[in-house]
Amino acid sequence: SEFLFRSRETFPTEEEQYAAYRDAVEAARGRCCVIRTLDAGADKSIPALHLPTEANPALGQRAIRLCLARPALLKSQLRAILRAGSAGAVGILLPLVVNREEIVAVKNLLAEVKEDLAASHIPYAGHAPLGLTVETPAAAIMSERLAKEVDFFSIGTNDLAQYTLAADRTLPVADALGGYLHPAVLRLIAQTARAGNDAGIPVTVCGEMAADPLSLPLLLGMGIKILSMDAASLLWIRAAIHRLSGKKARRLWEHAATLDDAAAIRAYLREEAQETAP
């Protein structure tokens, strides 16, 4: 949703946001339209925020912590999302959550917003599934407990790799260190998938990893059932899924989990891919 806030000196009004979200909900044609709350800061500059210069903006006041520091801004967005939910199914995704208190704070704001909308007789979604992005080691490690507070997880593999490896994802060093195939990143993804499955909530993987046919068996082997990617990647990922059994995916992940580095994991996956290539 940050695209509504970019390249302008003022915040979009609640009505502007409502109109945009309603269009998205209607375009989903009955499927749940998940809207992420403002993910501002770091590489996503929002002029109207007038954020102070930070030495490490990717680690500073951004995403959900920024929105909670400006509750009026977040409440306006939550009102618009819930109002759009009167036109169809809508979900809310919270970016960069690292602890339970942030989720509770958003739930309290949601309760206030619903009370205000009801008092004003404005139609809104009585229930909007609430999810969080798992993109830090903190969220992944605490995923078993955080799963009790939300309705779904979305694992952001690009940021998860960045924060786990302490390497800027926009620089070559991140890939040189192994990227999302680094064993530490894979373990965090697997831990989150297990926590979500145990809690009975959906777990989605997004980011470059979701569109990588080479890493696909690992995700399926971990129990991931939902992938989010750009439209151009859909056909070849769908074809790769059809060529892969669940049993083999689990075997590949179990062996990859025993390997010590990303280079060995990548070599193993390439060897297996060549053997099963059509």
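Structural data are supplied above this passage.
In this text, all values refer to a predicted model and were calculated from it rather than measured experimentally. (Residues numbered from 1 in each chain as written. Predicted model: local features only at pLDDT ≥ 70, side-chain atom pairs only at ≥ 80, totals over all residues. Heavy atoms only, no water.)

Caption draft 1: Representation of the overall build of the protein chain. A count of helices and strands for the protein chain gives 13 helices and six strands. Relative to a compact globule of 278 residues, whose C-alpha radius of gyration would be 19 Å, the protein chain shows 20 Å and is just as compact. Overall, the C-alpha framework of the protein chain stretches about 60 × 45 × 35 Å when taken along its three principal axes. Per-residue burial over the protein chain gives 47% buried out of 278 residues. For the protein chain, the proportion of contacts with a sequence separation of at least 24, taken over those separated by at least 6, is 69%. For the protein chain, the accessible surface area stands at approximately 13700 Å², while carbon and sulfur atoms represent 54% of it. One way to put it: in the protein chain the 30 positive side-chain charges average out to a point 5 Å from where the 32 negative ones average out. (Helix = DSSP H or I, 4+ residues; strand = E, 2+ residues; numbered from the N terminus. Rg over C-alpha atoms; globule rule 2.2 N^0.38 Å. Buried < 20%, exposed > 50% of the residue type's maximum accessible area, 1.4 Å probe, protein only. Contact = heavy atoms within 4.5 Å. Areas by Shrake-Rupley, 256 points an atom, 1.4 Å probe, with all protein chains shown as cover. Lys, Arg positive; Asp, Glu negative; His and termini not counted. Charge placed at Lys NZ, Arg CZ, Asp CG, Glu CD.)

Caption draft 2: Summary view of the pairing of strand E5 (residues 203-206). Both strand E4 (residues 152-156) and E5 contribute to a ladder of four bridges, which runs parallel. In the sheet register, Gly156 faces E5, and the bridge partner there is Cys206. Bridge count between E5 and strand E6 (residues 226-227): two bridges; the pairing is parallel. Paired with Val205 across the two strands is Leu227, which belongs to E6. Between the parallel pair E5 and E6, the chain is carried across by helix H10 (residues 216-222), and the sense of this crossover is right-handed. (Pairing = 2+ DSSP bridges. Right-handed = clockwise from strand over helix to strand, strands pointing away.)

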